Amino acid sequence: MTLQHIVLFSFPRPLTAGEEEQMRAMVAAWPKEIGLMTKCRFGTDITGARTRGYGYLLYTEFPDTDTLARYRSHPDHLRFNDWIMERDCTPLAFDYYLDKRTVLQNE
């Protein structure tokens, strides 16, 4: 059953343009380098008003929890995690299954 993994990222100070590009480049490399997710999206908030300090969102889908666990332990993901933690990031992660109770409208 497909598992959706969403992470919001909050930093205590705005990232520089270079840091923002580094972050985006790391995530953009995952489909090729890690290759476990079926979908990978990364976005920056455009409103600045309702996010309570969370300015970035990662959206991924995985076939199952075992694959998500493999992704979480992959060296590229661990490097990314170290990178965000070096910048005092507060991540907020949420995982759930896409099933008949959660899919309210098909794409």
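Scroll up a little and you will see the structure.
Since the model is a prediction, treat every value here as computed from it, not as a measurement. Residue positions are given per chain, counted from 1 along the sequence in the order it is written. The model is predicted, so local features are restricted to residues of pLDDT at least 70 and side-chain atom pairs to those at 80 or more, both for listing and for counting; the totals for chains, interfaces and linings are taken over all residues. Hydrogens and water molecules were not included; the side-chain quantities draw on all heavy atoms of the structure.

A.B. asks: Help me understand helix α1 (residues 17–33), please; the structure alone is not making it clear to me.
C.D. replies: Structurally, the α-helix is built with 3.6 residues per turn, so residues lying three or four positions apart point the same way. Helix numbering and strand numbering both begin at the N terminus, where a helix is a DSSP run of H or I of at least 4 residues and a strand a DSSP run of E of at least 2. A helix is expected to span 1.5 Å multiplied by its residue count minus one. Here α1 is 17 residues long and its end C-alpha atoms lie 24 Å apart, about the 24 Å a rise of 1.5 Å per residue gives. Buried within α1 we find Glu19, Met23, Val27 and Trp30. Each buried residue of α1 sits inside an arc of 75 degrees when the element is viewed along its axis, so together they form one side. Away from the buried face of α1 by more than 90 degrees, exposed residues Ala17, Ala28 and Lys32 are located. Here the buried face of α1 lies against β1 (3–10), β2 (39–44), β3 (54–62), α2 (65–72) and α3 (75–86). Just past α1, the residue Gly35 takes up positive phi, approximately 70 degrees. Only protein chains enter the area calculation, which uses a 1.4 Å probe; residues under 20% of their type maximum are buried, those over 50% are exposed, and those in between are partly exposed. Taking the helix axis as origin, the arc is that swept by the directions to the C-beta atoms. Contacts between residues were defined by any pair of non-hydrogen atoms, one from each residue, lying within 4.5 Å.

A.B. asks: What's the story with the layout of surface pockets in this structure? I'm lost.
C.D. replies: Which parts of space are left empty comes out when a probe the size of a water molecule is rolled across the atoms. What the largest pocket holds in volume is close to 220 Å³. With a 1 Å grid spanning the protein atoms alone, the term cavity applies to any set of points in which a 1.4 Å probe fits but cannot get out, the term pocket to an open set with protein on both sides within 12 Å along at least five of seven lines, and the term lining residue to any residue with an atom within 4 Å of a point. Taken together, 13 residues make up the lining of the largest pocket; nearest its centre are His5, Val7, His77, Asn81 and Ala93. Counting only elements with at least two residues in the lining of the largest pocket, the list comes to β1, α2, α3 and β4 (90–97). Per-element tally for the lining of the largest pocket: the top contributor is α3, with four residues. As a working rule, the residues Ala, Val, Leu, Ile, Met, Phe, Trp, Tyr, Cys and Pro are called nonpolar, Asp, Glu, Lys and Arg charged, and the rest polar, with Gly in that last group. In terms of residue class, the lining of the largest pocket is made up of eight nonpolar, three polar and two charged. Grid points are joined across faces, edges and corners, and a volume is the space filled by probe spheres set on the points.

A.B. asks: Can you walk me through the environment of Lys32 in this structure?
C.D. replies: One can find Lys32 in helix α1. Accessibility expressed as a relative area gives 73% for Lys32, which makes it exposed. Taking the C-alpha atoms as reference points, Lys32 and Leu98, separated by 66 residues in sequence, lie 24 Å from one another.

A.B. asks: Just checking my understanding: could you explain the environment of Thr67 for this structure?
C.D. replies: Relative to the elements of secondary structure, Thr67 occurs in helix α2. With 30 residues separating them in the primary sequence, Thr67 and Met37 have C-alpha atoms 7.9 Å apart. With residues near it in sequence (within four places) discarded, Thr67 still touches Leu36 and Phe62. Polar contacts, as used here, are pairs of N or O atoms within 3.5 Å; protein pairs need one atom able to donate a hydrogen and one able to accept it. Residues neighboring in sequence count only if both atoms are side-chain atoms. A distance of 2.8 Å separates polar atoms of two side chains, one belonging to Thr67 and the other to Asp64.

A.B. asks: I'm lost on the nonpolar core in this one. Help?
C.D. replies: A general feature of soluble globular proteins is that nonpolar side chains tend to end up buried together. Joining through side-chain atoms within 4.5 Å is the link that ties buried Ala, Val, Leu, Ile, Met, Phe, Trp, Tyr and Cys residues into a set, and such a set is a nonpolar core. Counting residues in each nonpolar core, the largest one holds 21 residues, and the members touching the most others are Phe9, Phe11, Met23, Trp30, Leu58, Tyr71 and Ile84. Listed by contribution, the elements that provide at least two residues to this core are β1, α1, β3, α2 and α3.

A.B. asks: Please explain the side chain of Asp76 as it appears in this structure.
C.D. replies: Relative to the assigned elements, Asp76 resides in helix α3. Note on Asp76: relative accessible area 17%, which makes it buried. Not counting the four nearest positions on each side in its chain, Asp76 is found in contact with Trp30, Glu33 and Ile34.

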